[in-house]
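# Coordinate analysis (summary)
Below are the chains, spelled out letter by letter.
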Amino acid sequence: MFLDNIDITSFLNSKLSLLKSFSDNYPYEASLYYFFLSLLLLSLSFPVAFILGILAGIIFNPVQAIILVSFSSSIAATIAMLLSRFFFRDFLRKRYSRQYESIDNGFMINGVSYLFAIRMTPIFPYFLANLLVGLTTIKIIPYYLTTQVGMLPITTIIILLGNGLNEIILSNAKIDIEFLILLSLLGLLPIFFKFLFKKILN
């Protein structure tokens, strides 16, 4: 009964409009708030990477959003990996034993190229990859650099989707061909990256 009296779409649109307006009026403050919020949530392995990427695409311009998401997610991934390695090793080995064995075997055979393949594919969720890679012996700098480069393509697509949603939701625009192409790319990425995953590791 309560929900019948609320226009959820209008409510969300108004909140997004406020965020967009704040970003336009206070670009540096908005960037800092987003960066540290993203850093906190992703470092603690909350599964919100996709939502944060879409949100960045909505409230920031594409270049600014790509920079913010790329660096915040890569730094957070490194922090999460270190937390996993030094504080939660035994728990994670038991909790995700099957996934850990798969990742550990991949690193034993292929090294850093295996991490690059993981980052380029959606086979392992972002937060789970961070935690389980922490159980391997990979060094911090190769992990960070490979993570940043490997996640850049999917990060860019997600942000462009968010930018398309911004135009559709906040401006009441019609869905255009570019947005449909981005949605199609997002749907085809798992197939393409699974093929690429096999090629990189062969």
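Refer to the structure presented above.
Residues numbered from 1 in each chain as written. Predicted model: local features only at pLDDT ≥ 70, side-chain atom pairs only at ≥ 80, totals over all residues. Heavy atoms only, no water.

### Regarding the overall build of the protein
- Check the secondary structure of the protein and you find 10 helices and 0 strands.
- For the protein, the sequential pattern of α-helices and β-strands runs α-α-α-α-α-α-α-α-α-α.
- Evaluated residue by residue, the protein yields a buried proportion of 42% over its 202 residues.
- Residue pairs in contact within the protein that sit at least 24 positions apart in sequence constitute 78% of those at least 6 positions apart. (Helix = DSSP H or I, 4+ residues; strand = E, 2+ residues; numbered from the N terminus. Buried < 20%, exposed > 50% of the residue type's maximum accessible area, 1.4 Å probe, protein only. Contact = heavy atoms within 4.5 Å.)

### Topic: the packing of aromatic side chains
- Inspection of every chain in the model, using the stated rule, returns 4 aromatic pairs.
- Judged by centre distance (5.2 Å) and plane angle (35°), the rings of Phe 22 and Tyr 26 are tilted.
- For Phe 22, a relative accessible area of 32% translates into the label partly exposed.
- Look at Tyr 26 and you get partly exposed, because its relative accessible area is 44%.
- For the pair Phe 22 and Tyr 33, a centre-to-centre distance of 6.1 Å together with 20° between the ring planes defines the contact as stacked. Of this pair, Phe 22 sits in helix 1 (residues 8-25) while Tyr 33 sits in helix 2 (residues 27-43), and the two are 11 residues apart along the sequence.
- You can call Tyr 33 exposed: its relative accessible area is 56%. (Phe/Tyr/Trp six-rings, centres within 6.5 Å; stacked < 30°, edge-to-face > 60°.)

### Observations regarding the environment of Gly 53
- Looking at the secondary structure, you find Gly 53 in helix 3 (residues 49-59).
- Assessed through its relative accessible area of 3%, Gly 53 is described here as buried.
- Expressed as a C-alpha distance, the spacing of Gly 53 and Ala 65, which sit 12 residues apart in the sequence, is 8.0 Å.
- Not counting chain neighbours up to four residues away, the residues in contact with Gly 53 comprise Tyr 34, Val 69, Ile 158 and Ile 159.

### A closer look at the nonpolar core
- If you look at the biggest cluster of nonpolar residues, it comprises 41 residues, and the most contacted ones within it are Tyr 34, Phe 60, Ile 103, Phe 107, Leu 132, Val 133 and Tyr 143.
- Of all the secondary structure elements, the ones that give two or more residues to this core are helix 2, helix 3, helix 4 (62-87), helix 6 (97-110), helix 7 (112-120), helix 8 (126-133) and helix 9 (140-171).
- At 7 residues, the largest contribution of residues to this core is made by helix 4.
- What Phe 60 contacts, discounting residues up to four positions off in sequence, is Lys 20, Ser 23, Ala 30, Ser 31, Tyr 34, Ala 65, Leu 68 and Asn 163. (Core = buried A, V, L, I, M, F, W, Y, C linked by side-chain atoms within 4.5 Å.)

### Concerning the packing of helix 2 against helix 4
- Two numbers describe how helix 2 lies on helix 4: the axes approach to 8 Å, and their chain directions differ by 30°. Relative to helix 4, the element helix 2 lies roughly parallel. For the pair helix 2 and helix 4, the sense of crossing is right-handed. Of helix 4, the residues touching helix 2 (which contributes Pro 27, Ser 31, Tyr 34, Phe 35, Ser 38, Leu 39, Leu 42 and Ser 43) are Gln 64, Leu 68, Val 69, Phe 71, Ser 72, Ser 73, Ile 75, Ala 76, Ile 79, Ala 80 and Leu 83. (Axes fitted to C-alpha atoms, helices over the stretch in contact; angles between N-to-C directions. Parallel < 35°, antiparallel > 145°, perpendicular 65-115°, else oblique. Left-handed = near helix turned anticlockwise from the far one by under 90°.)

### Some remarks on the layout of surface pockets
- The computed volume of the second largest pocket comes to approximately 190 Å³.
- Lining the second largest pocket, in full, are Leu 19, Phe 22, Ala 30, Tyr 33, Tyr 34, Leu 37, Leu 55, Ile 59 and Phe 60.
- For the lining of the second largest pocket, the elements supplying multiple residues, two or more each, are helix 1, helix 2 and helix 3.
- The element that contributes the greatest number of residues to the lining of the second largest pocket is helix 2, accounting for 4 residues.
- When grouped by side-chain class, the residues that make up the lining of the second largest pocket number 9 nonpolar, no polar and no charged. (1 Å grid on protein atoms, 1.4 Å probe; cavity = no way out; pocket = protein on both sides within 12 Å on 5 of 7 lines; lining within 4 Å. Points joined across faces, edges and corners; volume = space filled by probe spheres on them. Nonpolar A, V, L, I, M, F, W, Y, C, P; charged D, E, K, R; others polar.)

### Details of unusual backbone geometry
- Non-glycine residue Ser 45 carries a positive phi angle of around 65°.
- In this structure, Ser 45 sits in the loop between helix 2 and helix 3.

None of the figures reported here should be taken as evidence of function without further support.
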